[in-house]
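# Coordinate analysis (summary)
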Amino acid sequence: MHRPRVYVTREIFPDALDLIEKEAELEVWPEDVPPTPEQLREALSGVDGALINVMDRVDAVLLDAAPNLRVISQVAVGLDNVDVALATQRGIPVGYTPGVLAKATADLAFALLLATARRVVESDKWVREGNWEIAHHPMFWLGSEVNGSTLGILGLGGIGLEVAKRALGFDMKVIYHSRTRKPEVEAELGLKYTTTNKVLAQADFLSIHVPLTPETHHLIGEKELKKMKPTSILVNLSRGPVVDTDALCKALTKGWIAGAGLDVFDPEPVPKDHPVLGLDNVVVLPHIGSASNRSRREMCLLAARNLLAGLRGERLEECANPEVYQALGI
Ligand code: DGY
């Protein structure tokens, strides 16, 4: 029996690989460093299915080099690295992993928010560097209070919604703007829908959860940062280019906003000499929003199931371009 060929572009959880191996011939990129575009083209040149990562760019050049490709399965919810419209044109379903990572990512949004507000990283470093000489002082290490403040959310998808739920446990007032208004969520959780400008102006904490698209590229720039409160804190776990990094550095230096918690950068990895790394009012993480054992394993398993469904000519459990099914007659 013909077994399809599959390429997995990064090491993933072994049980996800086992699942794939039951039905396909499997090859895995052996290094931690991502393949270059040329290496990726070569790796995918004869395969039927590809299980990919957010750092792998899927464009016309790659698809031309992979004429047998019948399914692309990404281990992530964000798909800004994949030309999904082109995949649709070519009849290739694109799998992704929404849902299973929303809670872990929202947990981390709160970790960043709290760490930035209460200066957790900065004071930890200060203690370790041997600076703690006065046991306690009423005016030392003051930060912003999270409970009772206003959280503004941009993008109320799966992750934004989980962030809102956590905020309610901190007695926060939650306002949001999203492509699609969610009246049922507003009624259930007491969230308030408003314009982006009002979210910017009223939020004590701004948490960004929009996908990166041409419309959201530099959604937050100088103009927007100037609308925010000087006491406010921005948290970004979406994609780096949603925020104009130069404008953000300016805002943090000039005091247009008080701080930022960043899990994503433009570019990634953030260059070692980037000015943002020199700022004390910023907490930085290396794009680990979904990096809990449970979520990452579930993402890998879901991506494996998406891949196998595509190879069998079936509908994917989570497909980013279901319009492709019509052309495929499934
Ligand atoms: C996603 O799912 O898009 C994350 O950024 C990658 O873990």
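What you are looking at is a predicted structure, and each value in this text was computed from that prediction instead of being measured. (Residues numbered from 1 in each chain as written. Predicted model: local features only at pLDDT ≥ 70, side-chain atom pairs only at ≥ 80, totals over all residues. Heavy atoms only, no water.)

### Quick look at the overall build of the protein
- Looking only at helices and strands, the protein features 13 helices and 12 strands.
- A compact globule built from 330 residues would reach a C-alpha radius of gyration of about 20 Å, and the protein, at 22 Å, matches this within 12%.
- In terms of principal-axis extent, the alpha carbons of the protein reach across some 75 × 50 × 35 Å.
- Within the protein, the fraction of its 330 residues that count as buried is 48%.
- Taking as baseline every contact in the protein between residues at least 6 positions apart, the subset at least 24 positions apart corresponds to 60%.
- For the protein, the accessible area works out to roughly 16,200 Å², and carbon and sulfur atoms hold 53% of it.
- If you average the places of the 35 positive and of the 44 negative side-chain charges in the protein, the two averages end up 6 Å apart. (Helix = DSSP H or I, 4+ residues; strand = E, 2+ residues; numbered from the N terminus. Rg over C-alpha atoms; globule rule 2.2 N^0.38 Å. Buried < 20%, exposed > 50% of the residue type's maximum accessible area, 1.4 Å probe, protein only. Contact = heavy atoms within 4.5 Å. Areas by Shrake-Rupley, 256 points an atom, 1.4 Å probe, with all protein chains shown as cover. Lys, Arg positive; Asp, Glu negative; His and termini not counted. Charge placed at Lys NZ, Arg CZ, Asp CG, Glu CD.)

### Some thoughts on the pattern of salt bridges
- Following the criterion strictly, the structure yields 21 salt bridges and no others.
- Residues Asp107 and Arg166 are paired through a salt bridge, measuring 2.7 Å at the closest nitrogen-oxygen approach. Of the two residues, Asp107 sits in helix α5 (residues 102–117) while Arg166 sits in helix α7 (residues 158–169), which places them 59 residues apart along the sequence.
- A salt bridge links Glu224 to Lys223; the shortest N-O distance between them is 3.5 Å.
- Overall, Glu224 belongs to the buried group, its relative accessible area being 14%.
- Linked by salt bridges that have partners in common, Lys103, Asp107, Glu162, Lys165 and Arg166 make up one network. (Salt bridge = Lys/Arg side-chain N within 4 Å of Asp/Glu carboxyl O.)

### Considering the domain arrangement of the protein
- Looking at the protein, the domain boundaries give domain 1 (5–100 + 293–328) and domain 2 (102–284).
- Placing a centre on the C-alpha atoms of domain 1 and another on those of domain 2 gives a separation of 31 Å.
- Of the residues lining the interface, eight residues belong to domain 1; the matching set on domain 2 comes to six residues.
- Carbon and sulfur atoms make up 50% of the surface buried where domain 1 meets domain 2, a total of about 480 Å² over both sides.
- On inspection of domain 1 and its partner domain 2, the count reaches one salt bridge.
- A salt bridge links Arg239 to Asp80, with the shortest nitrogen-to-oxygen separation between them at 2.9 Å.
- Counting across the interface, domain 1 meets domain 2 through two residue pairs in polar contact (both at pLDDT 80 or more).
- Each residue belonging to the side of domain 1 that touches domain 2 can be placed in one class, and the counts come to four nonpolar, three polar and one charged. (Domains from an automatic or database assignment. Buried area = accessible area lost by both parts, 1.4 Å probe. Polar contact = N/O pair within 3.5 Å; in protein donor to acceptor, adjacent residues only side chain to side chain. Nonpolar A, V, L, I, M, F, W, Y, C, P; charged D, E, K, R; others polar.)

### As for the packing of helix α1 (residues 14–21) against helix α12 (residues 293–312)
- With their axes 8 Å apart at the nearest point, α1 and α12 run at an angle of 10° to one another. As judged from the angle between their axes, α1 and α12 are roughly parallel. Contact residues: α1 offers Asp15, Ala16, Leu19 and Ile20, while α12 offers Arg297, Cys300, Leu301, Ala304, Arg305, Leu307 and Leu308.
- Looking at the contact of α1 with α12 residue by residue, the classes come out as eight nonpolar, no polar and three charged. (Axes fitted to C-alpha atoms, helices over the stretch in contact; angles between N-to-C directions. Parallel < 35°, antiparallel > 145°, perpendicular 65-115°, else oblique.)

### Thoughts on the sheet that holds strand β1 (residues 5–8)
- In spatial order, the strands read β2-β1-β3-β4-β5; together these five strands make up an open sheet with parallel pairing. Whereas interior strands pair on both sides, the edge strands pair on one side only; in this sheet they are β2 (25–28) and β5 (94–95).
- In the sheet, strand β3 (residues 49–52) pairs with strand β4 (residues 71–74) via four bridges, with the strands oriented parallel. If you follow Gly49 over to β4, its bridge partner there is Val71.
- Across the sheet, α1 lies against β1, β2 and β3, angled at about 145° from β2, the strand it touches most. (Pairing = 2+ DSSP bridges.)

### A closer look at the packing of aromatic side chains
- Applying the stated criterion across every chain, the model contains three aromatic pairs.
- Summarising the aromatic geometry, the rings of Trp126 and Trp141 are spaced 5.3 Å apart at their centres and angled 70° between planes, so their arrangement reads as edge-to-face. Here Trp126 is found in helix α6 (residues 120–128), whereas its partner Trp141 is found in the loop between α6 and β6 (150–154), with 15 residues between them in sequence.
- By relative accessible area, Trp141 is classed as partly exposed at 28%.
- With a centroid separation of 5.2 Å and 70° between ring planes, the pair formed by Tyr176 and Tyr193 is classed as edge-to-face. Residue Tyr176 is found in strand β7 (residues 173–177), and its partner Tyr193 is found in strand β8 (residues 192–193); the two are separated by 17 residues along the sequence.
- When its relative accessible area of 0% is taken as the criterion, Tyr176 is described as buried. (Phe/Tyr/Trp six-rings, centres within 6.5 Å; stacked < 30°, edge-to-face > 60°.)

### What about the state of the cysteines?
- By the definition in use, this model includes zero disulfides.
- Between Cys300, a free cysteine, and Cys319, which holds the nearest cysteine sulfur, the sulfur-to-sulfur gap is 19 Å.
- The class for Cys300 is buried, based on a relative accessible area of 6%. (Disulfide = S-S within 2.5 Å.)

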